[in-house]
Amino acid sequence: VSQSRYPPVASSPTEKVELGFVWFLGGSKNKRAAVAPIVNAWLPEYPPLSIYSTEPVTDLSGVTLPSNVRMEVRDLNAEERNHLGGGNRGHICCSRAEGFGYTAAEAEWQGAFTILNDIPVYRQDYGDISGVCMLPNYCAGGSGAVVDLRGAIAAYRAYVSQNQMSIGRRQRARERWE
């Protein structure tokens, strides 16, 4: 993964790309607030999900992590973050609120299929872009996460099977964010 530009460029063809999802929470309270409804709806037959946070996600009462969900509490350096971001075909960037949505821009830049929730900045910047699935905003009390996530995973599988994690999505990101 090249570190010369931010958001980082996609992984090289020689790097291993996982058929899974990554979710970078960093230190964001807003991103941590979105974890419980998504993880609670993440079924064992879904691709693996790796969640990284610099602080513990404390609001997981009544939530059992499925065997295909891994959560790590540690600070990632730029190289680790770039490798993990470029090495997963799916990104989750759900949040209670965002001013810009850097992680979503990063996912787009890397050509990854992206699951977002319906908050204003995501709707404005990603509402009509292929490779993005917009879920209702569960942080605002929405329900139906299991059904909605099932549709998102089906769209992800179609995206991956058609090898759409491609130069086209990356090129659109460069045009939008450079």
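Quick caveat: nothing in here was measured; it's all calculated off a predicted structure.

Caption draft 1: Spotlight on the pairing of strand S5 (residues 113-117). Counting buried positions along S5 gives five out of five residues, so the element sits mostly inside the fold. Across the two faces of S5 the burial is the same, with Phe 113, Ile 115 and Asn 117 and Thr 114 and Leu 116 all buried. Sheet topology places strand S4 (residues 88-92) next to S5; three bridges connect them, and they run parallel. By the bridge assignment, Ile 92 is partnered in S5 with Ile 115. With helix H4 (residues 102-109) bridging S4 and its parallel neighbour S5, the resulting β-α-β unit is right-handed. Strand direction decides the pairing type here: S5 and strand S6 (residues 132-135), joined by four bridges, are parallel. Counted as the bridge partner of Ile 115 is Cys 133 from S6. Read from S5 through helix H5 (residues 120-126) to S6, the crossover connection turns out right-handed.

Caption draft 2: Layout of the packing of aromatic side chains. Under the counting rule described, the total for this entry stands at seven aromatic pairs. Ring centres 4.4 Å apart and planes at 45 degrees place the aromatic pair Phe 21 and Tyr 156 in the tilted group. Linking Phe 21 in strand S1 (residues 18-26) with Tyr 156 in helix H6 (residues 145-161), this pair joins segments that are 135 residues apart in sequence. On the accessibility criterion, Phe 21 (0% relative accessible area) is buried. A relative accessible area of 2% means that Tyr 156 is categorised as buried.

Caption draft 3: Looking closely at the confidence of the model for the chain. Across the chain, the average pLDDT comes to 82, with 80% of residues at 70 or higher. Least confident of the elements in the chain is helix H7 (residues 167-177), whose mean pLDDT is 67; most confident is strand S2 (residues 49-53), at 95. Of the regions scoring below 50 in pLDDT, residues 1-14 engages in 34 contacts with residues more than four places distant in sequence or in other chains.

Procedures and definitions
- Residues numbered from 1 in each chain as written.
- Predicted model: local features only at pLDDT ≥ 70, side-chain atom pairs only at ≥ 80, totals over all residues.
- Heavy atoms only, no water.
- Buried < 20%, exposed > 50% of the residue type's maximum accessible area, 1.4 Å probe, protein only.
- Helix = DSSP H or I, 4+ residues; strand = E, 2+ residues; numbered from the N terminus.
- Pairing = 2+ DSSP bridges.
- Right-handed = clockwise from strand over helix to strand, strands pointing away.
- Phe/Tyr/Trp six-rings, centres within 6.5 Å; stacked < 30°, edge-to-face > 60°.
- pLDDT = per-residue confidence, 0-100.
- Contact = heavy atoms within 4.5 Å.

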